[in-house]
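Breakdown of the fold
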Amino acid sequence: MIEHIQAVIFDIDGTLVDSNGMWEEIDMEYFNVLEVPMPPTIREDIAGMSFTEIAIYFKETFHIEDKSIDDIKLDWVRMAFEKYLYEIKAKPGAKEYIRFLKENGIKIGCATSNERRLAEAALTPHGFYEKVDVLRTACEVAKGKPAPDIYLKVAEELGVEPKHCLVFEDIPHGIRAGKAAGMTVIAVKDDSSLKDYDEIMELCDEYIDNFYDVLEGRIEVQYELSTGK
């Protein structure tokens, strides 16, 4: 049993919403525009980086001379925004689990490597946004994942000690970030990270196929109301 949980903090892409395939398509489209061959390891190369860190990586690695860092980020926002609003689905059981947490007074945070406008667009159609107490992006802290900065920031703003936080993540860098922050981490199955299954199983505290595994007690979690702010 996972005990004494006062807050649950979610990654978004690949964890709450099924969007990693969309980003693979956007990468392909963007490299076509650049007229540069897409490296087969690009998703692994940028895993865990903040949105800004990824834009810097693209500009420096692929010699994008005619665009600023902000221009590159805006390109991606334009390519992804409406897809989040109208096409991307929630992961199975995510809506029900978020509702369960809210109804039971458990604090809810989101810690994402994505850009804030896109994070809000990802959360809003599924009714997540209004239920989340704290949303932070990796651009708003010193370092992206696997550094623990973003998880520590969300816990601080929730008013909950890291040891009482439960994290849901889908990739090794994210799991490392949660564990480095001193939190319990449950890995969520995502098709894009199945290639990393063995590594994920070594890093995480528990692994679920979907959020029904938690709701129906296959992974037992003992929650308690926070005495913090």
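Up top is the structure.
Notes on the structure follow. Predicted model only: the values in this text are computed from it and were never measured. (Residues numbered from 1 in each chain as written. Predicted model: local features only at pLDDT ≥ 70, side-chain atom pairs only at ≥ 80, totals over all residues. Heavy atoms only, no water.)

This next bit is on the overall build of the chain. Within the chain, the secondary structure is distributed over ten helices and eight strands. Relative to the 2.2 N^0.38 estimate, which gives 17 Å for 229 residues, the radius of gyration of the chain is 17 Å and therefore close to what a compact globule would have. Its C-alpha atoms give the chain principal-axis dimensions of about 55 × 35 × 35 Å. Each of the 229 residues in the chain was classed as buried or not, and the buried ones make up 49%. A separation of at least 24 residues holds for 68% of the contacts in the chain among residues at least 6 apart in sequence. Summing over all exposed atoms, the chain offers an accessible surface of approximately 10,800 Å²; the carbon and sulfur share of this is 48%. Side-chain charges in the chain split into 26 positive and 46 negative, and the spacing between the mean points of these groups amounts to 5 Å. (Helix = DSSP H or I, 4+ residues; strand = E, 2+ residues; numbered from the N terminus. Rg over C-alpha atoms; globule rule 2.2 N^0.38 Å. Buried < 20%, exposed > 50% of the residue type's maximum accessible area, 1.4 Å probe, protein only. Contact = heavy atoms within 4.5 Å. Areas by Shrake-Rupley, 256 points an atom, 1.4 Å probe, with all protein chains shown as cover. Lys, Arg positive; Asp, Glu negative; His and termini not counted. Charge placed at Lys NZ, Arg CZ, Asp CG, Glu CD.)

Picture a little ball the size of a water molecule; that probe, rolled over the atoms, points out where space is still empty. Taken as a whole, the largest pocket spans an internal volume of roughly 660 Å³. Lining the largest pocket are 32 residues, and of these Asn20, Arg43, Ala47, Gly48 and Ile171 sit closest to its centre. Among the elements that take part in the lining of the largest pocket, helix 1 (residues 20-34) stands out by supplying five residues, more than any other. When its residues are assigned to classes, the lining of the largest pocket shows eleven nonpolar, eight polar and 13 charged. (1 Å grid on protein atoms, 1.4 Å probe; cavity = no way out; pocket = protein on both sides within 12 Å on 5 of 7 lines; lining within 4 Å. Points joined across faces, edges and corners; volume = space filled by probe spheres on them. Nonpolar A, V, L, I, M, F, W, Y, C, P; charged D, E, K, R; others polar.)

In terms of nonpolar packing, the biggest core is built from 51 residues, with Phe10, Leu16, Phe58, Trp76, Tyr84 and Phe168 touching the most fellow members. Top contributing element to this core by residue count: helix 4 (residues 69-86), with six residues. In this structure Phe168 touches Val8, Ile9, Phe10, Asp11, Thr15, Tyr97, Tyr151, Ile186, Val188, Ile208, Phe211 and Val214, once residues within four positions along its chain are discounted. Counting residues in hydrophobic clusters, the runner-up holds 23 residues, among them Ala111, Val141, Val160 and Ala177. (Core = buried A, V, L, I, M, F, W, Y, C linked by side-chain atoms within 4.5 Å.)

Another point: the pattern of salt bridges. Pairs can form between side chains of opposite charge once their charged atoms are near each other. In the structure shown here, the tally under the stated rule is 20 salt bridges. Here Arg117 ties to Glu115 by a salt bridge, and the two come within 2.5 Å at their closest N and O atoms. Residue classification places Arg117 among the partly exposed residues on the basis of a relative accessible area of 42%. The exposure class of Glu115 is buried, given its relative accessible area of 11%. A salt bridge links Glu161 to Lys163; its shortest N-O distance comes to 3.9 Å. In this structure Glu161 comes out as partly exposed when scored by relative accessible area, which is 46%. (Salt bridge = Lys/Arg side-chain N within 4 Å of Asp/Glu carboxyl O.)

Where helix 3 (residues 51-61) meets helix 4, the closest approach of the two axes is 9 Å, and the angle between their N-to-C directions is 115°. In terms of axis orientation, helix 3 runs roughly perpendicular to helix 4. The element helix 3 and its partner helix 4 pack so that their crossing is right-handed. For the pair helix 3 and helix 4, contact is made by Phe51, Thr52, Ile54, Ala55, Ile56, Phe58 and Lys59 and by Ile69, Ile72, Lys73, Trp76 and Val77, respectively. Looking at the contact of helix 3 with helix 4, its residues break down into nine nonpolar, one polar and two charged. (Axes fitted to C-alpha atoms, helices over the stretch in contact; angles between N-to-C directions. Parallel < 35°, antiparallel > 145°, perpendicular 65-115°, else oblique. Left-handed = near helix turned anticlockwise from the far one by under 90°.)

Turning our eyes to something else, we now look at the pairing of strand 5 (residues 165-169). Most of strand 5 is tucked away: five of the five residues are buried. Alternating residues of strand 5 divide into Cys165, Val167 and Glu169 and Leu166 and Phe168, and every residue in both groups is buried. Both strand 2 (residues 7-10) and strand 5 contribute to a ladder of four bridges, which runs parallel. Within the sheet, the bridge partner assigned to Val8 lies in strand 5 and is Leu166. Direction of pairing for strand 5 relative to strand 6 (residues 184-188): parallel, over a ladder of four bridges. Residue Glu169 lies in a different strand from strand 6, and its bridge partner there is Ala187. Each parallel crossover has a hand, and for strand 5 linked through helix 8 (residues 172-180) to strand 6 it is right-handed. (Pairing = 2+ DSSP bridges. Right-handed = clockwise from strand over helix to strand, strands pointing away.)

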